[in-house]
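This is what each chain is made of:
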Amino acid sequence: MKLKALLAAATAAAALSAGAAAAEQVKIGIAAEPYPPFASLDNSGNWVGWEVEVIGAVCAAAELDCVITPVAWDGIIPSLTGQQIDAIMASMSITEERMKTIDFSDPYYNTPAVIVADKSMDIAPTPESLAGKIVGIQASTIHQAYAQEYFKDAELKVYQTQDEANQDLFAGRIDATQADSIAMADFVNSGNGGCCEIKGAVADDPAILGRGVGAGVRKGDDALREALNKGIAAILADGTHEKITAKYFTTSIY
Amino acid sequence: MTGLLELLGLGASAELLSLSGWGGNLLRGLANSLQIAFGAFGLGLVIGLFGAYGKLYGGKVTRDLLAIYTTVIRAVPELVLILILYYVGSDIINKISAAMGGGRVEINGVAAGIWVLGVVQGAYATEVLRGAIKAVPTGQIEAAKSYGMPAFMIMRRVTIPAMMSFAVPGLANLWLIATKDTALLAVVGFNELTLETRQAASSTRAYFTFFLAAGFLYLMVTLCSGAVFARVEKWARRGQPSLKGGAR
Amino acid sequence: MISLKDLMQPHRVVMMLVFAGIVIWCAIALRWDWIPKYAPLALEGLWATVWILAVSTFLGFLLAVPLGLAQAVGPWYLSIPARTFCTIIRGTPLLLQIWLLYYGLGSLFPQFPWIRSSELWPYLRQAWPYAVLALTLSYAGYEGEVMRGAFSGVAKGQLEAAKSFGMPRFTMFRRIWLPQAVRNVLPTLGGETILQLKATPLVATITVMEIYAVSSRVRADTFIVYEPLLLLALVYMGIAGVISLAFRRLEKG
């Protein structure tokens, strides 16, 4: 047993030194959490969803050899800068704040930010209405930045994943949550989401909410950014984007 | 069997946990967890052995550096260490590789997990093995020296076999810590048993079913390891008077 | 404690200079401009960590005494449940226990609508009661095992002497058995408390805003990765140092 472990450690070390020679694979980081309908794990251990299919299509169009690499959402930017992954395609909005640390490709979809709350609650997506309420948000998202800026009178609860916030909304521990409209539409139509409804979009603030979802790459990694841009443009032009969207949604989300 | 489960109202749970349901994911997670625990425990033993020798026979600087290593690792939460080592580790390796003119280095999740937990385990293993080596009667090692045995042979033939019986209980404990610490890798998004459980639970909304099932799997690992280590301890103690019963 | 003379050995002076160099390099080369903005939040987080640690250790120890006693001398209908409890707590990861308590229980709430109008609801809604409960049970599980050994370790002669004096059983427990058992475990108690400290950051995963969660918040807001983590590690080392000093005092006094 000990020997086996030693061998494993030794091979791991060998793999570390030998890996550099292998063909350049592009590691596409996604959030290791269920985020339907964009990316979720099915019961045979495969990632499925709109974004997963788009990643496949973009990589095929850009002729990149991509592997999907799940990492924790709240550490996804450090994972990128720390070179564990090469690109982020995890429904990450393009914002000024993030552009200070990483670069983005062109956007490949767009989703407004909405407030979701219990059907019986009289809540509007405004700071006044949410004052004194408990609002759940996911860490390191545009929603956290937005809520910290605008909902100063609300009690904010920060979750590692949006799924946990949804779970607590269902359990009644939070009064409302702010998140992406498309993912939330999926949640309120799911078994547990029946409790709740979308109360409306929050007032836009492009500086915080950004301009669409793009693929994040390391600063200066222009070759990869250009390749991804080419791929995104190609699937938008040849109708692949539309075809994938039609499988999941009734309207365009670009 | 199915009838009995239905009778107990567990039919739905049994279906969720079946191998065609989410049970397969849980087992894959368990395999990942065990792989990392084995690797980390092994790496920890290697570090621990060098660390223990360094602390006992090393120079002043080595001893002080090792003291800093074991103190820091044992005072800082594993979760914080994992985050630091996880992000820093690949960064440093890549920078070194770039400095040496090499390309980018691929580090998979398993290797990263083994490295992170192994460094943590190493600090505890250093202390366990140091205590065990100290418990070996010095006369035995001196006798080996006086026969002109080389240092490495003394280590292999005398010190390690003689210290085994003292080290096994501590190492058994370390192994259990290793298996449980793999759960912390869930926080950096590594698909081990706890994260797989989490994902299965939130996809199906059957929180209790999956968390209890995962708890059962961890408990089985603990109990089985306990039985194995009891055997190993008995083997390591062979030929020694029983400590429990006192004088025989 | 290390004396000044020990510290002044040449190789240690060199090491300290190297260390000072690293600290100065860190102070200059890394980014610390976020500290003033997050200092109030960090203090709150620090307080939450210390508070959760103190409460869960104290309650956990209170629970560990009966658990240890039941295992050491209890009849089978007490000792078996106590042993099972300790085995389960010690055999499964704390993270899993915390998630089971918080999200598992939470998933049951909607089935019982009356829960939301009960008096307990304001507490059930928050995260800290689950954090304290999980950490208390965990400490009790580990310490219960230690207490079992401690109770068995008290010399039987003393108990028999007390009995022959006609001391009532409870007085005997209070005056002789418990104090000696506690003295037996005192050397390990400091280490156990540091282990408990190292378990506290796990409650950040159920939204408790303690010091670890504050560092995550800094990382999320500013994208600065290493600096908050390094400072966090220093803070934990500081708390661990205080704990071990306090217990060393306690042991002597």
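Report on the accompanying structure. Keep in mind it's a predicted model, so treat the numbers as computed, not measured.

## Quick word on the overall build of chain C
- When you go through chain C residue by residue, the secondary structure sums to eleven helices and zero strands.
- Order of helices (α) and strands (β) in chain C, N terminus to C terminus: α-α-α-α-α-α-α-α-α-α-α.
- Here the C-alpha atoms of chain C give a radius of gyration of 23 Å, more than 25% beyond the 18 Å that 2.2 N^0.38 yields for 253 residues.
- Within chain C, the fraction of its 253 residues that count as buried is 34%.

## Focus on the packing of helix α5 (residues 94–108) of chain C against helix α7 (residues 128–153) of chain C
Residues and elements named next belong to chain C.
- Close contact between α5 and α7 brings their axes to 9 Å; oriented N to C, the two are set at 140°. If you check the angle between α5 and α7, you find them oblique. α5 and α7 meet at a crossing whose hand is right-handed. Here L94, Q97, I98, L101 and Y102 of α5 come into contact with α7, specifically with Y130, L133, A134 and S138.
- In terms of residue class, the contact of α5 with α7 is built from seven nonpolar, two polar and no charged.

## Quick notes on the interface of chain B and chain C
- Listed as interface residues are 31 residues of chain B and, on the opposing side, 28 residues of chain C.
- Here the side of chain B that touches chain C gets nine residues from one element, more than from any other, and that element is helix α10 (residues 207–236) of chain B.
- Grouping the constituent residues of the side of chain B that touches chain C by class yields 22 nonpolar, three polar and six charged.

## A word on the sheet that holds strand β4 (residues 66–71) of chain A
All names here are of chain A.
- Reading across the sheet, the five strands line up as β4-β1-β5-β12-β6 and stay open at both edges, with mixed pairing between neighbours. Whereas interior strands pair on both sides, the edge strands pair on one side only; in this sheet they are β4 and β6 (102–109).
- In this structure, β6 lies alongside strand β12 (residues 213–218), joined through five bridges in antiparallel fashion. Its bridge partner being in β12, F104 is matched across the sheet by G216.
- Packing against the sheet, helix α2 (residues 50–61) makes contact with β1 (26–31), β4 and β6, and its axis sits at approximately 145° to β4.
- Across the sheet, helix α10 (residues 222–237) touches β1, β5 (87–88), β6 and β12, and the angle it forms with β6 is around 5°.

## So, the sheet that holds strand β9 (residues 155–159) of chain A
Residues and elements named next belong to chain A.
- Ordered by their spatial adjacency, five strands build an open sheet running β9-β8-β10-β7-β11, and the pairing between neighbours is mixed. Edge positions in the sheet fall to β9 and β11 (196–201), since each has one partner strand and no second. Neighbouring strand axes in the sheet, compared pairwise and without regard to direction, differ in orientation by 30° on average.
- Pairing between strand β8 (residues 134–138) and β9: five bridges, direction parallel. Note that in β9 the partner of V135 across the bridge is L156.
- Of the strands in this sheet, β7 (113–118), β8, β9 and β10 (176–180) touch helix α6 (residues 142–150), which is tilted by about 145° from β8.
- Contacts from helix α7 (residues 162–171) reach β7, β8, β9, β10 and β11 within the one sheet, and its direction differs from that of β8 by about 155°.

## Quick word on the environment of S40(A)
- Here S40(A) shows up in strand β2 (residues 40–41).
- Assessed through the 20 C-beta atoms surrounding it within 10 Å, S40(A) is described here as buried.
- In this structure the C-alpha to C-alpha distance between S40(A) and V52(A), which are twelve residues apart in sequence, comes to 8.8 Å.
- In this structure, S40(A) is in contact with P34(A), Y35(A), V48(A), G49(A) and S203(B), ignoring residues within four places of it in sequence.

## Observations concerning the pairing of β10(A)
Residue and element names in this part refer to chain A.
- With five of five residues buried, β10 is to be regarded as a mostly interior element.
- Looking at chain direction, β8 and β10 are connected through two bridges and run parallel. Paired with G136 across the two strands is T177, which belongs to β10.

Procedures and definitions
For every chain, the first residue of the written sequence is number 1, and numbering continues from 1 onward in sequence order. Labels follow written order: the first chain is A, the first ligand is 1, and so on. With the structure being a predicted model, the display of local features is reserved for residues of pLDDT at least 70 and the display and counting of side-chain atom pairs for 80 or more, all residues being used for whole-chain, interface and lining totals. The helix and strand labels rest on DSSP assignments: H or I over at least four residues marks a helix, E over at least two residues marks a strand, and numbering proceeds from the N terminus. Radius of gyration here uses only the C-alpha atoms, and the compact-globule reference equals 2.2 Å multiplied by the residue count raised to the power 0.38. The exposure scheme places C-beta atoms from the backbone and then counts, for each residue, the other C-beta atoms within 10 Å of its own, assigning buried at 20 or more, exposed at 12 or fewer, and partly exposed in between. Convention adopted: a line fitted to C-alpha atoms gives each axis, helices being fitted over their contacting stretch, and angles between N-to-C directions are expressed from 0 to 180 degrees. The cut-offs work like this: below 35 degrees is roughly parallel, past 145 is roughly antiparallel, 65 to 115 is roughly perpendicular, and the gaps in between are oblique. Should the near helix be turned counterclockwise from the far one by less than a right angle, the crossing is left-handed, whereas a clockwise turn marks it as right-handed. Our contact criterion uses C-beta atoms placed from the backbone: two residues qualify when those atoms are within 7 Å. Lys, Arg, Asp and Glu make up the charged group, whereas Ala, Val, Leu, Ile, Met, Phe, Trp, Tyr, Cys and Pro make up the nonpolar group; the residues left over, Gly among them, are polar. The rule for pairing is simple: two strands pair if DSSP sees at least two bridges between them.

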